[in-house]
2 protein chains.
Amino acid sequence: MKCAYGVDVGGTAIKIGLIEEDGRIIKKWEIPTRTDESGSKVLPDIAAFIRGIRTENAEGIDIIGIGLGVPGPVDGNGMVLTSANLHWEEPIDAAGILSEMLDDTEVRVANDANAAALGEAWMGAGDGSSDTVMVTLGTGVGGGVIHQGRIYTGVDGAAGEIGHLCVNPAEKVRCNCGRHGCLEQYASATGIVRLATEVLSGTTENSVLRQRPISAKSVWDAVKEGDEPAIEVAERFGHYLGWGLALVAGVINPDVYVIGGGMSSAGEVILPYIEKNYRAMALPAASNARVCLAALGNDAGILGAARLMLQDEA
Amino acid sequence: MKCAYGVDVGGTAIKIGLIEEDGRIIKKWEIPTRTDESGSKVLPDIAAFIRGIRTENAEGIDIIGIGLGVPGPVDGNGMVLTSANLHWEEPIDAAGILSEMLDDTEVRVANDANAAALGEAWMGAGDGSSDTVMVTLGTGVGGGVIHQGRIYTGVDGAAGEIGHLCVNPAEKVRCNCGRHGCLEQYASATGIVRLATEVLSGTTENSVLRQRPISAKSVWDAVKEGDEPAIEVAERFGHYLGWGLALVAGVINPDVYVIGGGMSSAGEVILPYIEKNYRAMALPAASNARVCLAALGNDAGILGAARLMLQDEA
């Protein structure tokens, strides 16, 4: 039975999965991420842990390699250019280093958002679609592009940076990236709180949002209750995100958009706001693409990472 | 010597080239496009002409097939969905039909703008770059995406529709596509005339543009003469097109943008206006991509079409 380890390296925890070539998760583990000493312990910790579990999992299992998802840009040659979360400041050949620590076991590396997109395209909401774009709505907005079943990295590892598509060059507030009017400023959990504050300050209408601390969750809960100002916030959010997906459509015309990240836990309620605007703003030829919620939750990362190795097997 | 015919089907003329696998054009021809009878003569005319020249070119030449660029969307399965210029109203398997007319010679088909992009990526300004985006500035704005040396069609053939990226949802004037605020409304030859009219009506400043009929050419000529209102038009044009390319960068992060089409004949003068805005609006990681003028002129189409066949040979 052909298997691979999928490793999803986060800023606080490293998730590791042993994954079969048909996408079944045989076993999962989690170890803490030690980011001190400039993140130099991260790869040795992974190597040591895998050395341990490898013996334990030996029987009847043919491990063809390790896929690694890391929080930072990875260029077309597999170099991790930097990783703020792991305190990696210089470009690092993470795959080569880990491979050497594990007796030349083959290792492939990808950006973590891209790995999650690959996981969803393969085993999740993408449902085997060959051209899937995943958008992750969390504190920021991340993204990943899957083309013909593989991650599209771009020449500098910057493909799929959906959160930093500019949708408002006139924006006064600066985005974390230093520019103005990025999609992330409106469609992230932080962005929707900002939109809600704007909407509430622009109306005297009653709203349950005035009685609670505003968060992405409280906004979507209020939408579910039919709260008018909250619905206006959802409309604005949908305008920006629908526009962002329409921009993606005009460049690469995928067939599925998968919406994931913390905000997607609000559920199906968010989809109509995105879809309505997407279908109005995308070219007619591309306007029938599917927009759906992510299906794999936290497992997307380890599945996608393992898929990096398993995709050449079938 | 391996060769292919590259056929670039336009609304008034069909260009045909006999192309060697290293990209040399051995010979070129042109025949009129007969679009009457719902465009049903187009493929038979091409077949008859190629049957004629084939005999003439027989010696020492191994023709591996025919590449066809057509003015209309071509989906991932090679179906030409429609072609207004050729009066094709139903989806048509143009490659299959032409192949059958020519004793099963292999035929591959692509959208003409995509074929031109492939030609430029292969033998022109792309200079062999694997990830090139071409933007064609004419009456409208067209585009083509080349990834790993091949055309990226998208699932509905709508990838690379750079001209219909929305850069202003508040636009009152409707685009030809039926939507509002498409890049084409500002960055095409028609768009720049509109921008010029706006700029001139908003200022009393003297301008050579007031003494001539306004056209894309007269605007760029005036920019070259240092005419201030014309320079303001160029700035606005550059803002929109630079923004458009930055949006492309955020999705697929290519390494070269090739600017072609009629307006590119204005020359190098247009590049700084595009580049400045692109570099300011693209993610820093992607901001060093090259922006350059197309190099092949009318030959891009036949070269790209032939490349469809020759790309699997090397």
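Residues numbered from 1 in each chain as written. Chains lettered and ligands numbered in written order. Predicted model: local features only at pLDDT ≥ 70, side-chain atom pairs only at ≥ 80, totals over all residues. Heavy atoms only, no water.

S.K.: Is there a simple way to explain the packing of aromatic side chains in this structure?
M.R.: Aromatic ring pairs are reported here in terms of the distance separating the ring centres and the angle at which the planes meet. All names here are of chain A. In total, this model carries 13 aromatic pairs over all chains according to the counting rule given. With a centroid separation of 5.3 Å and an interplanar angle of 80°, the aromatic rings of Trp-220 and Phe-237 are classed as edge-to-face. Residue Trp-220 is found in helix H6 (residues 216–224), and its partner Phe-237 is found in helix H7 (residues 228–252); the two are separated by 17 residues along the sequence. Accessibility classification places Trp-220 together with Phe-237 in one group, the buried group. Here the aromatic residues Tyr-5, Trp-29 and Phe-49 are joined through ring pairs into a cluster of three or more. (Phe/Tyr/Trp six-rings, centres within 6.5 Å; stacked < 30°, edge-to-face > 60°. Helix = DSSP H or I, 4+ residues; strand = E, 2+ residues; numbered from the N terminus. Buried < 20%, exposed > 50% of the residue type's maximum accessible area, 1.4 Å probe, protein only.)

S.K.: Explain the domain arrangement of chain A to me, please; I cannot follow it from the model alone.
M.R.: One widely used convention gives an interface's size as the accessible area the parts lose upon coming together. All names here are of chain A. Along its sequence, chain A is carved into domain 1 (2–121 + 298–310) and domain 2 (127–293). For domain 1 and domain 2, the distance between their C-alpha centres works out to 28 Å. Taken together, the 15 residues of domain 1 in the interface contact 18 residues of domain 2. Of the roughly 1,100 Å² buried between domain 1 and domain 2, counting both surfaces, carbon and sulfur atoms make up 61%. On the domain 1 side of the interface with domain 2, the three residues burying the most area are Asn-114, Glu-120 and Ala-121, jointly 43% of the side's total. (Domains from an automatic or database assignment. Contact = heavy atoms within 4.5 Å. Buried area = accessible area lost by both parts, 1.4 Å probe.)

S.K.: What should I look at first to understand the interface of chain A and chain B in this one?
M.R.: Contacts between the two partners involve 39 residues from chain A and, on the opposite side, 39 residues from chain B. Together chain A and chain B conceal approximately 3,100 Å² of surface at their shared face, both sides included; 66% is due to carbon and sulfur atoms. Counting the contacts that link chain A with chain B gives zero salt bridges. Put simply, chain A and chain B have 22 residue pairs in polar contact (both at pLDDT 80 or more) between them. Among the elements of the structure, strand S7 (141–147), H7 and helix H8 (271–281) of chain A are those that each provide at least two residues to the side of chain A that touches chain B. Ranked by residues supplied to the side of chain A that touches chain B, first place goes to H7(A) with eight residues. Per-class residue counts for the side of chain A that touches chain B are 24 nonpolar, ten polar and five charged. (Salt bridge = Lys/Arg side-chain N within 4 Å of Asp/Glu carboxyl O. Polar contact = N/O pair within 3.5 Å; in protein donor to acceptor, adjacent residues only side chain to side chain. Nonpolar A, V, L, I, M, F, W, Y, C, P; charged D, E, K, R; others polar.)

S.K.: Is there a simple way to think about helix H5 (residues 189–201) of chain B in this case?
M.R.: Each α-helix winds once per 3.6 residues, and so residues spaced three or four apart point in a common direction. Residue and element names in this part refer to chain B. End to end, H5 covers 19 Å across 13 residues, agreeing with the expected 18 Å (1.5 Å per residue, within 8%). Buried residues of H5: Gly-191, Ile-192, Leu-195, Ala-196, Val-199 and Leu-200, and no others. On an axial view of H5, the arc spanned by its buried residues comes to 170°, and they lie on one face. Considering only its buried residues, H5 is in contact with helix H4 (184–187), helix H6 (216–224) and helix H7 (228–252). (Expected span 1.5 Å × (residues − 1). Arc of directions from axis to C-beta.)

S.K.: Just checking my understanding: could you explain unusual backbone geometry for this structure?
M.R.: Note: most residues except glycine have negative phi, and most peptide bonds are trans. With a phi close to 50°, A:Asp103 is a non-glycine residue in the positive phi region. Relative to the helices and strands, A:Asp103 is located in the loop between helix H2 (94–101) and strand S5 (107–111). At B:Asn253, a residue that is not glycine, the phi angle is positive and equals roughly 50°. B:Asn253 gets classed as buried once you look at its relative accessible area, which sits at 0%.

S.K.: Is there a simple way to think about the relation of the copies chain A and chain B in this case?
M.R.: Each of the two chain copies goes to the other by way of a rotation about an axis and a shift along it. With an RMSD of 0.1 Å, chain A superimposes on chain B once it is rotated by 180° and translated 0.0 Å along the axis. Taken together, the turn and the small shift mark the pair as related by a two-fold rotation axis. Taken as a fraction of all interface residues of chain A, those also at the interface in chain B reach 100%, which identifies the copy contact as same-surface. (Least-squares fit on C-alpha atoms with pLDDT ≥ 70 in both.)

S.K.: Explain the confidence of the model for chain A to me, please; I cannot follow it from the model alone.
M.R.: Any residue range with low pLDDT should be treated as having predicted coordinates unsuitable for detailed reading. Residue and element names in this part refer to chain A. When pLDDT is averaged along chain A, the result is 94, and 99% of the positions lie at 70 or above. Per-element averaging of pLDDT across chain A places helix H1 (residues 42–56) at the bottom with 91 and H7 at the top with 98. Both confidence scores are given for the complex: pTM 0.93, ipTM 0.93. (pLDDT = per-residue confidence, 0-100.)

S.K.: What am I meant to see in the sheet that holds strand S1 (residues 2–9) of chain A here?
M.R.: Note on sheets: strands pair through backbone hydrogen bonds, and any given pair is parallel or antiparallel. All names here are of chain A. With respect to topology, five strands assemble into an open sheet ordered S3-S2-S1-S4-S5, the strand pairing being mixed. Each end of this open sheet is capped by a strand with a single partner; those strands are strand S3 (25–32) and S5. Going from strand to strand, the sheet's axes swing by 20° on average, the running direction of each strand aside. Relative to S5, strand S4 (residues 62–70) runs parallel, the two being bridged by five bridges. Bridge pairing in S5 places Leu-68 opposite Val-109. Of the strands in this sheet, S1, strand S2 (13–20), S4 and S5 touch helix H3 (residues 112–123), which is tilted by about 100° from S5. Lying over the sheet, helix H9 (residues 299–310) contacts S1, S2, S3, S4 and S5, oriented at roughly 130° with respect to S1. (Pairing = 2+ DSSP bridges. Axes fitted to C-alpha atoms, helices over the stretch in contact; angles between N-to-C directions.)

S.K.: What's the story with the packing of H7(B) against helix H8 (residues 271–281) of chain B in this structure? I'm lost.
M.R.: How two helices pack is summed up by the angle between their axes together with the distance between the axes. All names here are of chain B. Two numbers describe how H7 lies on H8: the axes approach to 7 Å, and their chain directions differ by 45°. Relative to H8, the element H7 lies oblique. As for how H7 packs across H8, the hand of that crossing is right-handed. In this structure, H7 uses Ile-231, Ala-234, Glu-235, Phe-237, Gly-238, His-239, Leu-241, Gly-242, Trp-243, Leu-245, Ala-246 and Ala-249 to contact H8, whose residues at the interface are Tyr-273, Ile-274, Lys-276, Asn-277, Tyr-278 and Met-281. In terms of residue class, the contact of H7 with H8 is built from twelve nonpolar, four polar and two charged. (Parallel < 35°, antiparallel > 145°, perpendicular 65-115°, else oblique. Left-handed = near helix turned anticlockwise from the far one by under 90°.)

S.K.: Teacher, can you tell me more about the side chain of A:Ser129 here?
M.R.: Residues and elements named next belong to chain A. Structurally, the position occupied by Ser-129 is in the loop between H3 and strand S6 (132–137). A residue is classified by how much of its surface remains accessible, and Ser-129, at 10% relative accessible area, is buried. There is a polar contact of 2.8 Å between the side chain of Ser-129 and the side chain of Asp-255. If we ignore the near neighbours within four places in the chain, the residues touching Ser-129 are Ala-121, Asp-255 and Val-256.

S.K.: Sorry, what's going on with the pairing of S4(A) here?
M.R.: Looking along a regular strand, one sees side chains alternate from face to face of the sheet. Residue and element names in this part refer to chain A. Of all the nine residues making up S4, seven are buried; the element is thus mostly covered by neighbouring parts of the structure. Pairing analysis gives seven bridges linking S1 to S4, with the strands arranged parallel. By the bridge assignment for S4, Ala-4 is matched with Gly-65. You can see the chain leave S4, run along H2 and come back into S5, and the turn it takes is right-handed. (Right-handed = clockwise from strand over helix to strand, strands pointing away.)

S.K.: Looking at this structure, how should I read the nonpolar core?
M.R.: Among soluble globular proteins, nonpolar side chains are generally buried collectively. Among the nonpolar cores identified, the biggest contains 117 residues, and A:Trp220 and B:Trp220 are the most heavily contacted of them. Per element, the largest residue contribution to this core is 15 residues, and it comes from H7(B). Contacts of B:Trp220, omitting those with residues within four sequence positions, involve B:Ile192, B:Ala234, B:Phe237, B:Met263, B:Ala266, B:Val269, B:Ile270 and B:Tyr273. (Core = buried A, V, L, I, M, F, W, Y, C linked by side-chain atoms within 4.5 Å.)

S.K.: Can you help me understand the pattern of salt bridges in this one?
M.R.: A side chain with one charge may pair with a side chain of the opposite charge, provided their charged atoms come close. All names here are of chain A. Enumeration according to the criterion identifies 30 salt bridges over all chains in this entry. The partner of Asp-312 in a salt bridge is Arg-108, and the shortest N-O contact between them spans 2.8 Å. With Asp-312 in the segment after H9 and Arg-108 in strand S5, the pair connects residues that are 204 residues apart, well separated along the chain. Residue class for Asp-312 comes out partly exposed when judged on its relative accessible area of 39%.

S.K.: Help me understand the sheet that holds strand S7 (residues 141–147) of chain B, please; the structure alone is not making it clear to me.
M.R.: Residues and elements named next belong to chain B. Taking strand neighbours across the sheet as the criterion, the five strands line up as S8-S7-S6-S9-S10 in an open arrangement whose pairing is mixed. Looking at which strands have only one partner, the edges of the open sheet turn out to be strand S8 (150–151) and strand S10 (290–293). For strand S6 (residues 132–137) and S7, the ladder comprises six bridges, and the chain directions are antiparallel. Bridged to Met-134 within S7 is Gly-144. The strands touched by H8 within the sheet are strand S9 (256–260) and S10, with S10 carrying the most contacts at an inclination of about 160°.

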